[in-house]
Number of protein chains: 2
Amino acid sequence: MRKYDVYAENCPTRLLLDHIADKWTALVLWKISREPVRFNQLRRDVEGISTKVLSQTLKRLGRDGLILREVFPTVPVTVEYSITPLGRTLSEKLSTITEWAEANIDAVLAAQDRFDRDCACADNAVTANGAKRGLIQPAGMR
Amino acid sequence: MRKYDVYAENCPTRLLLDHIADKWTALVLWKISREPVRFNQLRRDVEGISTKVLSQTLKRLGRDGLILREVFPTVPVTVEYSITPLGRTLSEKLSTITEWAEANIDAVLAAQDRFDRDCACADNAVTANGAKRGLIQPAGMR
DNA sequence: CGGCATCCTTATAGATACTG
DNA sequence: CAGTATCTATAAGGATGCCG
């Protein structure tokens, strides 16, 4: 029996996947999972994230029960973010993705070069069974 | 020695992570990894994706060397997408994420309910060490 | 069938300023 | 320190129509 299916359009797991498959989630969650960390520290560690986006991300992660936010009544106030047991199970899986990215970036970069070069003379590339390969136009992709 | 670091703003792995941590990547890549599949079949399988976005996603995956696009000269033309060895190593890791989502959605949904309820009377929530918890405003998040 | 081009409507991100 | 508020720029997404 499968109750949920990420391939179904209106399945709640889709919304969850949107949260997980966010540009910053893996980065932020992993940092927090290593040790409790404060807002501005996080902002420095995750280079390029704005306070606004970090704030949104933390709010979402907190609501999803993946991280805990604790406010210590110091002056000025101290806020610490830490991972929950649920969050830890996810962050470990997510870290394998960032590790994969670091380990395979060279192969991907090489593939991109090959792809961009092949575009110019793509029409000559025909496989043994008569199928053409790699005929996708470059087009503008960041 | 670590050549690459996803936490560095201008590291190429960041761009790769953006591709991977895309709303549709895990869904599309996993379908293709199971068996070679055609464009419109993919569009039906991945509910809710538009032709435009599917097209972009496939192009990106092809350029990154994760999938292969083959054109068979039938009438009308047949196009088949299949996984590459490199892509397979990633799709296996990504599938653990979607599996996690399906397995833990109940816990997350419960956390969301708790969070949204606690917001109303959050000021009373003080932990033993004097720290307050869960004081994040709900705000509008889809 | 397998897309790309186009238009148009929302989001989302970024920068900046300001508050408890 | 830890954010919120606001404004703007840019892009992402959806709908539609067309073509090889």
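Since the model is a prediction, treat every value here as computed from it, not as a measurement. (Residues numbered from 1 in each chain as written. Chains lettered and ligands numbered in written order. Predicted model: local features only at pLDDT ≥ 70, side-chain atom pairs only at ≥ 80, totals over all residues. Heavy atoms only, no water.)

Re the relation of the copies chain B and chain A
The two copies are related by a screw motion: chain B maps onto chain A through a turn of 180 degrees and a shift of 0.0 Å along the axis, at an RMSD of 0.0 Å. Both copies of the chain, as the preceding transformation shows, are related through a two-fold rotation axis. Across chain B, the smallest distance between a C-alpha and the rotation axis is recorded for B:Ala21, namely 2.2 Å. Both copies present the same face, since 100% of the interface residues in chain B are matched by interface residues at the equivalent positions in chain A. (Least-squares fit on C-alpha atoms with pLDDT ≥ 70 in both. Contact = heavy atoms within 4.5 Å.)

A few points about the environment of A:Thr74
Inspection of the secondary structure puts A:Thr74 in the loop between strand S2 (67-72) and strand S3 (78-83). Distance from A:Thr74 to A:Arg63, taken between C-alpha atoms, is 25 Å for residues eleven residues apart in sequence. (Helix = DSSP H or I, 4+ residues; strand = E, 2+ residues; numbered from the N terminus.)

Digging into helix H4 (residues 51-63) of chain B
Taking 1.5 Å per residue, 13 residues should reach 18 Å; H4(B) reaches 18 Å between its end C-alpha atoms and fits that length. Looking at the buried side of H4(B), the elements it contacts are helix H5 (85-118) of chain A together with helix H1 (12-20), helix H2 (25-34), helix H3 (39-45), strand S2 (67-72) and strand S3 (78-83) of chain B. Once H4(B) finishes, B:Gly65 follows within two positions and takes phi at roughly 80 degrees, a positive value. (Expected span 1.5 Å × (residues − 1).)

Focus: the packing of aromatic side chains
If you walk through the whole model with that rule in mind, you get zero aromatic pairs over all chains. Sitting over the face of the ring of B:Tyr7, A:Lys31 holds its NZ or CZ atom 4.7 Å from the ring centroid. (Phe/Tyr/Trp six-rings, centres within 6.5 Å; stacked < 30°, edge-to-face > 60°. Lys NZ or Arg CZ within 6 Å of the ring centre and 35° of its normal.)

Observations concerning the UniProt feature "domain: HTH hxlR-type" (unreviewed entry) in chain A
Here, the residues flagged by UniProt with the feature "domain: HTH hxlR-type" (unreviewed entry) are residues 11-109 of chain A. In residues 11-109 of chain A, the share of helix is 65% and the share of strand is 14%. The end C-alpha atoms are 35 Å apart. (UniProt positions renumbered as here; feature names shortened; annotations may be inferred.)

Concerning the protein's contact with DNA strand C
Around DNA strand C, a shell composed of 14 residues is seen, among which A:Lys52, B:Arg38, B:Ser55, B:Arg69 and B:Tyr81 lie nearest. Between B:Asn40 and DNA strand C, the recorded distance is 3.0 Å, taken from a side-chain N or O atom to a phosphate oxygen. B:Tyr81 has a polar side-chain atom sitting 2.6 Å from a phosphate oxygen of DNA strand C. The element contributing the most residues to the surface near DNA strand C is H4(B), with three residues. Of the residues assigned to the surface near DNA strand C, the class counts are five nonpolar, four polar and five charged. (Near = heavy atom within 4 Å. Polar contact = N/O pair within 3.5 Å; in protein donor to acceptor, adjacent residues only side chain to side chain. Nonpolar A, V, L, I, M, F, W, Y, C, P; charged D, E, K, R; others polar.)

Section: helix H5 (residues 85-118) of chain B
For H5(B), built from 34 residues, the straight-helix expectation of 50 Å at 1.5 Å per residue is met to within 8% by its first-to-last C-alpha distance of 48 Å. If you look at H5(B), its biggest bend is around 60 degrees, right at B:Asn104. (Bend = angle between axes of the 7 residues up to and from the residue.)

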